[in-house]
Structures are given as C-alpha cells and as structure tokens.
Amino acid sequence: DLAVAWLGIQMDNPLINASGVMCRTVEELEALRHSAAGALITKSCTLEPRKGNPEPRYASTALGSINSMGLPNAGYRYYLDYARRYDHEHGKPLLMSVSGMSLEDNLEMMAAFDEAALPVLVELNLSCPNLPGKPQIGYDFEASARLLAEVSKVYRRPFGVKLPPYFDPVHFGEMADVLDGCPSIGFVTCINSIGNGLVIDLERESVVIRPKDGLGGIGGDYVLPTALANVREFARRLPGRHVIGCGGIRSGREAFMHILAGATVVQVGTCLYEEGPACLARIRDELVYLMQDKGYRTLTDFRGRLRTL
Ligand code: DHB
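Residues numbered from 1 in each chain as written. Predicted model: local features only at pLDDT ≥ 70, side-chain atom pairs only at ≥ 80, totals over all residues. Heavy atoms only, no water.

**Q** For this particular structure, what's the right way to read the overall build of the chain?
**A** Helix and strand counts for the chain stand at nine helices and 16 strands. In summary, the chain has a C-alpha radius of gyration of 18 Å against a globular reference of 19 Å for 309 residues, a match within 12%. C-alpha extents for the chain along the principal axes are approximately 55 × 50 × 40 Å. Every one of the 309 residues in the chain was classed for burial, and the buried ones make up 57%. When contacts within the chain are restricted to residue pairs at least 6 apart in sequence, long-range pairs at least 24 apart make up 72% of them. Mean positive and mean negative side-chain charge positions of the chain (32 and 36 charges, respectively) differ by 2 Å. (Helix = DSSP H or I, 4+ residues; strand = E, 2+ residues; numbered from the N terminus. Rg over C-alpha atoms; globule rule 2.2 N^0.38 Å. Buried < 20%, exposed > 50% of the residue type's maximum accessible area, 1.4 Å probe, protein only. Contact = heavy atoms within 4.5 Å. Lys, Arg positive; Asp, Glu negative; His and termini not counted. Charge placed at Lys NZ, Arg CZ, Asp CG, Glu CD.)

Now the structure itself:
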C-alpha cells in the first residue's frame with residue numbers, strides 16, 4: 001500500500017511530476033492527471049506569460065539533463081483557471097508552483113491564490129537558476145526570510161518552498177533556521193536542479209544549449225546524492241514539516257532512497273521528460289516490489305529510517 005496522507009491531501013502513491021516537466025499546458029496537465037501519478041504540479045508561473053529562453057534550451061546526456069528554459073509559462077491566471085475548473089473532489093491532488101520575477105510579483109500572485117481559496121498546495125519556487133542576471137533567491141538567506149515573512153501575510157494557508165541544493169552543513173542550518181521561523185511553511189521540496197552546470201559535446205567541441213553560453217540546471221543521475229543529502233538534512237532539521245524529495249529518481253530504488261532519507265512524497269523530473277508519463281506506473285510498481293522484497297507494507301514502515309554507521 002503506497003497511500004500517503006499529508007497536509008490535508010490524500011495520495012494513492014507518493015509520485016508527482018517535478019514542476020517544469022509536462023505541466024505547462026492544460027493538455028500536458030491532463031495527461032498527468034490520467035497517468036499513475038499520485039498528484040500533479042503545474043509549471044512555475046509568473047505574473048505575465050513568458051516565452052522563455054531561446055532554443056535549444058534542454059538537452060539530455062547519458063547521466064541526466066541540462067536545461068535553461070527561462071520560465072516559459074502561460075501566466076498565473078491560466079493555471080489558476082485550470083485549478084478553478086479542476087475536480088478536486090474526485091481527482092488526484094493538485095499542487096501549483098509559483099515563481100515570481102520579484103517580491104512584488106510573488107505577493108500579487110500569492111494574494112490571488114489566497115483569494116481563490118482552492119484546495120491546492122502552493123510550492124513557492126526559491127530556486128530558478130535560469131534567469132540571466134537573477135540570482136537564486138534560496139542562496140540569499142536574508143532575502144528568503146523577508147520573502148517568506150511577506151508572503152505569509154497575504155497567503156494565509158500552509159505552503160511549501162522549492163529549494164536549490166545546498167552543499168555545506170552551515171548552509172543547511174541557515175536555511176533550516178529561516179524555515180523554522182516561518183510557521184506557514186508546511187513542506188520543503190529538495191532539490192531544484194544543480195544550477196549552472198556546463199555540458200560539453202566533445203565531438204562538436206560545443207556547448208549543448210543556447211542560453212547563458214551553455215550554462216544550465218543539471219538533473220538526473222548526476223544529482224541523486226546531492227538530493228538525498230538535502231532531503232535527509234532538511235527532514236531531520238525540520239521535524240513537523242514535510243519534505244518532498246526531488247532529484248535523480250528513475251526507478252523504484254531511488255524513490256525508496258528518498259523516502260528512507262525522510263521524504264513524504266517524491267517528484268520525478270528528468271526521467272519523466274525522457275520517458276513520458278508511462279514511467280510513473282513503472283516506478284510505482286518497482287517501489288511496490290522493492291517494499292515487498294524488504295517486507296515493508298507501508299511507506300511509514302521505512303520513511304526517515306536511514307541507518308548511520
Ligand atoms: C525554470 C527552471 C527551474 O529550475 C525552475 O525552478 C523554474 C523555472 C526554467 O528555466 O523555466
């Protein structure tokens with residue numbers, strides 16, 4: 001039994017798409033709704049629609065992916081309309097990613113989501129690495145604390161944050177303190193892509209994506225250990241909040257690892273982009289078989305029970 005109930009929502013299984021993958025249009029969202037996903041999340045939205053960065057802006061490699069999409073999205077009203085028409089009673093839970101270009105934009109969108117009073121979970125994105133000239137806010141602890149304090153005033157329900165990966169225990173501690181100081185935070189999604197990597201095509205002696213002279217967010221196998229470290233560290237530093245694990249999940253094995261490290265539910269990015277929604281049924285079934293092998297009946301039998309030496 002893969003069922004999981006958290007923050008007032010009920011999921012048949014712990015799998016969600018990672019925001020950005022297969023969730024920009026109603027057609028893509030509907031395909032996810034009809035997939036094996038336990039819930040779905042919309043593409044990070046901005047106040048106004050955006051075309052995003054010039055193409056090519058995504059490339060896959062043997063070990064994962066690089067992207068610099070640049071927040072192409074239909075504008076928050078489009079996703080809010082989708083959520084208003086969504087059958088929340090009978091359908092799988094709906095999460096919505098918000099990624100404003102400024103504090104003001106984030107406040108305007110979060111106020112609109114508050115006003116709509118829909119049974120959705122908002123994931124506020126603090127970690128888009130692909131806007132030329134704009135730093136990832138999650139790497140500025142002061143700015144993150146200010147943003148969360150302001151958002152909490154206009155959005156009066158629990159919400160989550162999508163974090164960039166951290167690489168130092170001092171930084172885990174600083175961000176955990178910021179989140180600990182914000183009672184509205186119900187969940188933390190770890191991790192966004194490892195920002196500003198560089199993939200090189202040896203034969204062409206070239207970068208593989210056009211924006212930022214080839215720099216882009218790295219996902220897939222490359223990021224699994226970093227994702228697991230972030231999940232484990234935030235799960236144990238923030239008891240009472242939920243962690244969504246994201247990074248390097250492409251089979252039941254990595255999904256199990258994320259949950260063992262403390263994740264309540266998990267998101268699938270690169271693998272979903274590469275394989276399409278059928279991978280969600282496969283990963284779900286692999287997780288079932290792995291749990292059977294190990295003699296676990298439910299996710300709570302092993303969640304957060306990672307052993308240390
Ligand atoms: C984009 C990439 C991200 O990693 C993110 O969190 C939001 C947007 C993008 O390039 O579209």
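Right, picking up where we left off after that structure.
**Q** I'm lost on the site of the ligand in this one. Help?
**A** By nearness alone, every residue bordering the ligand is listed as Lys43, Asn67, Met69, Gly70, Leu71, Pro72, Asn125, Cys128, Pro129, Asn130, Asn192 and Ser193. Between the ligand and Asn125, the relevant distance is 2.7 Å, taken from an oxygen atom to a side-chain nitrogen or oxygen of the residue. The side chain of Asn130 places a nitrogen or oxygen atom 2.8 Å from an oxygen atom of the ligand. When isolated, the ligand has an accessible area of 290 Å², and the protein chains bury 92% of it. With respect to the pocket detection grid, the ligand is positioned in the largest pocket. Its residues placed into classes, the shell around the ligand shows five nonpolar, six polar and one charged. (Near = heavy atom within 4 Å. Polar contact = N/O pair within 3.5 Å; in protein donor to acceptor, adjacent residues only side chain to side chain. Areas by Shrake-Rupley, 256 points an atom, 1.4 Å probe, with all protein chains shown as cover. 1 Å grid on protein atoms, 1.4 Å probe; cavity = no way out; pocket = protein on both sides within 12 Å on 5 of 7 lines; lining within 4 Å. Sits in = over half its atoms within 2 Å of the grid points. Nonpolar A, V, L, I, M, F, W, Y, C, P; charged D, E, K, R; others polar.)

**Q** What am I meant to see in unusual backbone geometry here?
**A** Residues apart from glycine generally show negative phi values, whereas peptide bonds are mostly found in trans. Backbone torsion omega between Glu55 and Pro56 reads 0 degrees, so that peptide bond is classified as cis. You can see Pro56 is positioned in the loop between β4 (40-41) and β5 (58-61). With an omega dihedral of 15 degrees, the bond running from Cys190 to Ile191 counts as a cis peptide bond. With respect to the helices, strands and loops of the structure, Ile191 is situated in the loop between β10 (185-190) and β11 (194-198). The phi torsion at Leu7 lies on the positive side, around 45 degrees, for a residue other than glycine. By secondary structure assignment, the location of Leu7 is in the loop between β1 (4-6) and β2 (9-11).

**Q** Just to check I follow, could you spell out the pattern of salt bridges for this structure?
**A** Evaluated as defined, the whole model comprises 16 salt bridges. Across the salt bridge formed by Arg84 and Asp81, the nearest N and O atoms sit 4.0 Å from each other. Here Asp81 and Arg84 lie together in helix α2 (residues 76-85), a separation of three residues that amounts to about one turn. Here Arg204 ties to Asp201 by a salt bridge, and the two come within 3.3 Å at their closest N and O atoms. Using a relative accessible area of 57% as the deciding quantity, one classes Arg204 as exposed. Connected via shared salt-bridge partners are Arg232, Glu233, Arg236 and Arg237. (Salt bridge = Lys/Arg side-chain N within 4 Å of Asp/Glu carboxyl O.)

**Q** Explanation requested: the layout of surface pockets in the structure shown.
**A** Where empty space is left becomes clear once a probe the size of a water molecule has been rolled over the atoms. If you add up the space inside the largest pocket, you get close to 850 Å³. Along its surface, the largest pocket is lined by 48 residues, and Ser19, Val21, Asn67, Gly269 and Thr270 are the ones closest to its centre. Contributions of two or more residues to the lining of the largest pocket are made by β5, β6 (64-67), β14 (215-220), β16 (265-268) and α8 (270-275). Per-element tally for the lining of the largest pocket: the top contributor is α8, with six residues. Residue composition of the lining of the largest pocket, by class: 20 nonpolar, 20 polar and eight charged. (Points joined across faces, edges and corners; volume = space filled by probe spheres on them.)

**Q** Looking at this structure, I do not really get the packing of aromatic side chains. What am I missing?
**A** The description of an aromatic ring pair uses the distance of the two centres, along with the angle that the planes make with each other. Per the stated rule, a full pass over the model turns up 13 aromatic pairs. Measuring from centroid to centroid gives 3.6 Å for Tyr58 and Tyr273, while their planes differ by 15 degrees, and the two rings are stacked. You can see Tyr58 sitting in strand β5 and its partner Tyr273 sitting in helix α8, a full 215 residues away along the chain. Overall, Tyr273 belongs to the partly exposed group, its relative accessible area being 42%. Through a chain of ring-to-ring contacts, three or more aromatic side chains come together here, namely Tyr139, Phe141, Tyr166, Phe172 and Phe234. (Phe/Tyr/Trp six-rings, centres within 6.5 Å; stacked < 30°, edge-to-face > 60°.)

**Q** Just to check I follow, could you spell out the sheet that holds strand β8 (residues 121-125) for this structure?
**A** The strands making up a sheet are joined through hydrogen bonds of the backbone, oriented either antiparallel or parallel. Overall, parallel pairing links the eight strands, which are arranged β3-β16-β15-β10-β9-β8-β7-β4 in an open sheet. One side of each edge strand has no neighbouring strand; the edge strands of this open sheet are β3 (15-17) and β4. As judged from the three bridges shared by β8 and strand β9 (residues 159-163), these two strands associate in the parallel manner. In the strand pairing of β9, Glu123 is matched with Gly160. Here helix α4 (residues 141-154) sits on the sheet and contacts β8, β9 and β10; the angle it forms with β9, its principal contact strand, is near 155 degrees. (Pairing = 2+ DSSP bridges. Axes fitted to C-alpha atoms, helices over the stretch in contact; angles between N-to-C directions.)

**Q** Looking at this structure, I do not really get α2. What am I missing?
**A** Spacing of three or four residues puts side chains on the same side of an α-helix, whose turn is 3.6 residues. Buried within α2 we find Tyr76, Tyr79, Leu80, Tyr82 and Ala83. For α2, the angular spread of buried residues about the axis comes to 155 degrees, placing them on one side. Looking at the buried positions of α2, the neighbouring elements they touch are α1 (26-33), β4, β7 (94-98) and α3 (103-116). (Arc of directions from axis to C-beta.)

Such coordinate-based values are descriptive only and should not be taken to indicate function.
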